[in-house]
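Reading the structure
Below, each chain spelled out in residue letters.
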Amino acid sequence: MPTTTDLRFVSTRRGAGIFSFVVSLPLWMMGGCADIPPGPDEDPLGFDEEELDEHWGAYDDVPLPKNLSTVGELVAQRNCSTAAAMGLSQQIAQEVACGNQALFENISDINNVDLGPAAAPFLQKEAARALRRAAARRPEERIVINSSWRSLVQQYILKEWEGSCGISVAARPGHSRHESGLSIDTNFGLASSMRAEGWSWVCDRTNGGQWQGCSDPPHWDFFTGADMRVESVRAFQRLWNKAHPEDRIGVDGVYGAQTAARIRRSPLSGFSAGITCREEPRVEQVPEEAPPEEAPPEEVPEPDAPQLDQDVAARAFIQDATGEDTGTSASIWRPTAALRACSAWSINEDFSSGSFNVHRYQVDLSVPGTTTVRFERRAGAWEPAVLVVDSRGRLVYGGDADGGNPDVEARAVASGQGAAIAELTVENNAPTRLFFFLTSWKQIDDRLSGRLPTTARYTFALSQQCEDGGTAYRGLDHDGLRVPRSGLSNATLRSALGVSVERYGDTIAYQGLSFVRGKVSWFGGPNDTGVTSQETGAITGERLRSLNSPTQPSTATLNSRPGDFYYIAMRWDYAPRGKDAWRAARLLVVNPTNNKAVVVRPVDWGPNINTRRVMDLSPQALRDLGLTTDQDALIAFVDAGTPLGIRQ
Ligand SMILES: [Zn+2]
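Residues numbered from 1 in each chain as written. Predicted model: local features only at pLDDT ≥ 70, side-chain atom pairs only at ≥ 80, totals over all residues.

A tally of regular secondary structure across the chain gives 15 helices and 31 strands. Across the chain, contacts joining residues at least 24 apart in sequence account for 71% of those joining residues at least 6 apart. (Helix = DSSP H or I, 4+ residues; strand = E, 2+ residues; numbered from the N terminus. Contact = placed C-beta atoms within 7 Å.)

Written out as C-alpha cells, the structure is:
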C-alpha cells in the first residue's frame, strides 16, 4: 500500500482544456466503504479523511480564476463553471451530512463513470448504487456526469447565470432536485442501463423519449430517496451563523433575500470556522502559488439590519416579487405605475375593497436618476409603510432603512410610523425595475395576517430627477450598436449600395465627449415630396408623409406625441443585432454652434451616400436645432429610455 491507479476526469465542456486533469485514487477505495459508520473524527459524509481528500482534492487542480474570493465575485465574472465554488460546496455537503450520516455514497470510483469538474463525487445512496449497477451492466460504455449533487451555492450561481452560459432555465436555489443528490446531468451514455436500473430521463417523461425539443436533455432523476433541498438551505444557514455570530440569520430552510445576500459574501473556498458537528476548524487549503501580498477578502459593510417584523414582511414580499408563493396570508394587488423617464406620476387609490392588504406597484426606471417616493394617507386611521425590492427579489428598502441592494440606493425621508406620510428616495445608476409594496405598519407588525381599514385612502406619487435633464450620454457604441461613421464596415450599406465602408462622419470631441460629426438634411412630413404617400420608414414601417404633421405643431402636440416629430435616418448597420434593435435606440443630435440638442429615434435608412450627408432629421428637429440642409451636426447614443425632444 498504497497502490494507485489513474482515473482521468475529463470535462466535456467546450474549450475547457484547463479542466482536464488526472487524480490518483488508492485501489482500496475502488470498492467503496460508505457503509462503515463514521467515527467521531471522521468526515460526516461517511468517507474517511484521506478518502475525502482524494474525492475533493481533484477540485484543487482546477485553476481558480485569479482574484476571486467570494461567490459574488465568481457570479460577476461569469466564467460559466461553478468549479471554483467546490470548496464551499464540499463544506455544505459535510454540513448536510452532519445530521444525515450515510446519506450520500461515493460515485467517483466507478470505472466507466467520468465526473466533470463541477460534479460532486457522490449522490444519495440508492441513486449512487443504481448508477453503479447501470455502469456494471455495460462496462464497455462510458458516461460523463457534468452535474450530480449540487450545493445551494452552485444552484445560486447557475440561477444568476440564467440566460447566459447556455443556461436557459435554472431552478430557484433550494428548489432543484440536484440539491437532494437525486439527479445527474449526463452526456446520455449508458441510457438503456440507466433506465433499467430505475433512473428516469426527463425527455422520456416529457417528450416521448425525443432529445429534439426536450427542455433539458442532459437531466436524469432518481425518485427513491429523501428530499434534502430544505436541509441544504439550512446547512448553509448554519455554516454562515457559525462563521458570523455577529450576523446570524434564521435557520429556516427558506431561500430568500437574507440568505442570498450571505451566499454572495461567502468565501469560495469555504468558511474557516468549519462545519457545526465537528469542533476543530477546517484547515484552510491555500494554493501554494497564492501571492503572499494578496489582500484578504474585502469586508463588506453591513447594511442596517431591518427590524424582525420588517424582515418577515420583506421576505414575504420578496418571494412574491419573484413569482413564488409568499407563504403568508398577504393578499396583493399588482398594478403598474406608468412613470415616464425623468418625470412625475401619481395616483389616488384606496383599500376599500377589503380584499387586499398590500398594493404592489411595478415601476420601471428606464434611465438613471433619483426618484422621490411618497406614500401619503388621505383617509382612514392607519400608518403608511413602504418596502421596495428589485426584480430579482433583492431588498432595496426595508420600511425605514436602505436594504443593502448593490444596484439601487434607498434613503429614508420619513418611515410613516406615527405619521401620515412615508417618503424615501431611490437612486438608480442603470435602467431598473422595482416593486413598491404599500401597506400599513400594523400589517407589517401583524405579519400581513389582517386587512387595512376599508376607509383607507392614499396618494402614491413618484418623481424622478435626472442629471442633465435625463439625457444619459452613451457614446458611439452602445448595446452592440454603433453610430455610423467614417471607416466602419457596414453590411447594410454594402447590400443596399455596394459600398462596404462608411465614407463620412468624423469622430470628434465635444465638451469632453465623443460625437460623430457630419452634414444633415431632412425628410418626412406632409411637405416631403421626395417620397410617395405610401412610402414607409425602413426601421419602423411608419408612413413618412404622415410624420411631422402638422408642420407647425403646438407645444401640447409636441409633448403629447414627440415620436412623430423627433426622428432620424442614418446608414445604420443592421448586421450586429438586426434592424429591430435600432427601433429602441435613442440618439442625441447637437448643433455645436449654439449648443442646442434634441433626442431622436431611428425611423428610416439613409441618406444615399452620394449626398455626402451623414443624417436626415425630422423637420421639427432641424428647426429646433437651428440648422439648415448641409450644415454640420453632432450625434451619439443616449439611454434607450431617454425622452424624445429638446434637451438643454
Ligand atoms: Zn439537471
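Let us keep going from here.
Here the focus is the packing of helix H3 (residues 86-98) against helix H8 (residues 229-243). Put simply, H3 and H8 touch, their axes get as near as 9 Å, and they point 110° apart. One way to sum up the angle between H3 and H8 is to call them roughly perpendicular. Contacts between H3 and H8 pair Gln91, Ile92, Glu95 and Val96 from the former with Glu231, Ser232, Ala235, Phe236, Arg238 and Leu239 from the latter. Residues belonging to the contact of H3 with H8 are distributed by class as follows: 5 nonpolar, 2 polar and 3 charged. (Axes fitted to C-alpha atoms, helices over the stretch in contact; angles between N-to-C directions. Parallel < 35°, antiparallel > 145°, perpendicular 65-115°, else oblique. Nonpolar A, V, L, I, M, F, W, Y, C, P; charged D, E, K, R; others polar.)

Counting 97 residues, the largest nonpolar core has Leu131, Val153, Val386, Val388 and Phe436 as the members making the most contacts within it. For this core, the two domains that each supply at least three residues are domain 1 (4-230) and domain 2 (308-468). The residues contacting Phe436, other than those within four sequence positions of it, are Arg360, Tyr361, Val363, Val373, Val386 and Val388. Of all hydrophobic cores here, the second largest spans 49 residues; its members include Cys342, Tyr566, Ile568 and Leu644. (Core = buried A, V, L, I, M, F, W, Y, C linked by C-beta atoms within 7 Å. Buried ≥ 20, exposed ≤ 12 C-beta atoms within 10 Å, placed from the backbone. Domains from an automatic or database assignment.)

Attention shifts here to unusual backbone geometry. Excluding glycine, residues mostly have negative phi values, and the peptide bonds linking residues are mostly trans. The step from Ser549 to Pro550 runs through a cis peptide bond, and the omega angle for that step is 5°. Here the amide bond leading from Gly606 into Pro607 is cis, since omega sits at -10°, within 30 degrees of zero. Note that Pro607 resides in the loop between strand E28 (596-605) and strand E29 (615-617). Of note, the phi angle at Asn595 is positive, near 65°, even though the residue is not glycine. Mapped onto the fold, Asn595 is located in the loop between strand E27 (586-591) and E28.

Considering the arrangement of structural elements, one finds Val251 in the loop between H8 and helix H9 (257-265). Residues Val251 and Phe236 lie 15 residues apart in sequence; the distance between their C-alpha atoms is 8.7 Å. Apart from residues lying up to four places away in sequence, Val251 is in contact with Arg234, Gln237, Arg238 and Asn241.

Alternating positions in strand E7 (residues 183-186) separate into two faces, Ser183 and Asp185 on one and Ile184 and Thr186 on the other, with burial throughout. With 2 bridges joining them, strand E6 (residues 143-147) and E7 adopt antiparallel strand pairing. Note on E7: the bridge partner recorded for Ser147 is Asp185. (Pairing = 2+ DSSP bridges.)

Let us now look at H3. The terminal C-alpha atoms of H3, which comprises 13 residues, lie 18 Å apart, in line with the 18 Å expected from a rise of 1.5 Å per residue. With respect to burial, H3 is a largely interior element, 11 of its 13 residues being buried. (Expected span 1.5 Å × (residues − 1).)

To continue, consider the environment of Gly525. Along the chain, the position of Gly525 falls in the loop between strand E25 (513-522) and helix H13 (555-560). Those residues within four positions of Gly525 in sequence are excluded, and the remaining contacts are Arg545, Leu547, Asn548, Ser549, Thr551 and Pro619.

Across the sheet, which stays open at both edges, the 5 strands sit in the order E12-E20-E14-E18-E17 with antiparallel pairing between neighbours. The open sheet has two edge strands with one neighbour each: strand E12 (344-350) and strand E17 (408-414). The average angle at which neighbouring strand axes cross in this sheet is 15°, direction not considered. Pairing analysis gives 7 bridges linking E12 to strand E20 (residues 457-465), with the strands arranged antiparallel. Across the sheet, residue Ser346 finds its bridge partner in E20, namely Ala461.

A few words on the sheet that holds strand E9 (residues 219-222). The strand order across the open sheet formed by 5 strands is E4-E6-E7-E9-E8, and the pairing between neighbours is mixed. Of all strands in the sheet, those with a lone pairing partner are strand E4 (113-115) and strand E8 (199-201), marking the two edges. Strand-to-strand, the axes of this sheet are offset by a mean angle of 40°, without reference to chain direction. Relative to E9, E7 runs antiparallel, the two being bridged by 3 bridges.

As a packed pair, H8 and H9 sit with axes 11 Å apart at the nearest point and diverge in direction by 60°. Put simply, H8 runs oblique to H9. The handedness of the crossing between H8 and H9 comes out as left-handed. Facing Val233, Phe236, Gln237 and Trp240 of H8, the residues of H9 in contact are Thr259, Arg262 and Ile263. (Left-handed = near helix turned anticlockwise from the far one by under 90°.)

All right, on to the pairing of E27 then. In terms of burial, E27 is largely enclosed, as 5 of its 6 residues are buried. Both E27 and strand E30 (residues 632-638) contribute to a ladder of 5 bridges, which runs antiparallel. Counted as the bridge partner of Leu587 is Phe637 from E30. Pairing geometry for E27 and E28, over 5 bridges, is antiparallel. Note that in E28 the partner of Leu588 across the bridge is Val599. The hairpin formed by E27 and E28 contains 4 residues between the paired strands, and Asn595 there has a positive phi angle of roughly 65°.

Moving on: helix H4 (residues 125-137). With 13 residues, H4 extends 19 Å between its outermost C-alpha atoms, agreeing within 8% with the 18 Å of an ideal straight helix rising 1.5 Å per residue. When H4 is considered as a whole, its buried residues turn out to be Lys125, Ala127, Ala128, Ala130, Leu131, Ala134 and Ala135.

By secondary structure assignment, the location of Thr629 is in the loop between helix H15 (619-625) and E30. Expressed as a C-alpha distance, the spacing of Thr629 and Leu617, which sit 12 residues apart in the sequence, is 9.7 Å. Ignoring sequence-local partners within four residues, the contact set of Thr629 consists of Val520, Ser521 and Trp522.

What follows is about the confidence of the model for the chain. Averaged over all residues, the pLDDT of the chain equals 80, while 81% of them reach at least 70. Contacts of residues 1-43 to residues separated by more than four positions or lying in other chains number 65 contacts, the stretch itself having pLDDT below 50. Contacts of residues 280-310 to residues separated by more than four positions or lying in other chains number 33 contacts, the stretch itself having pLDDT below 50. (pLDDT = per-residue confidence, 0-100.)

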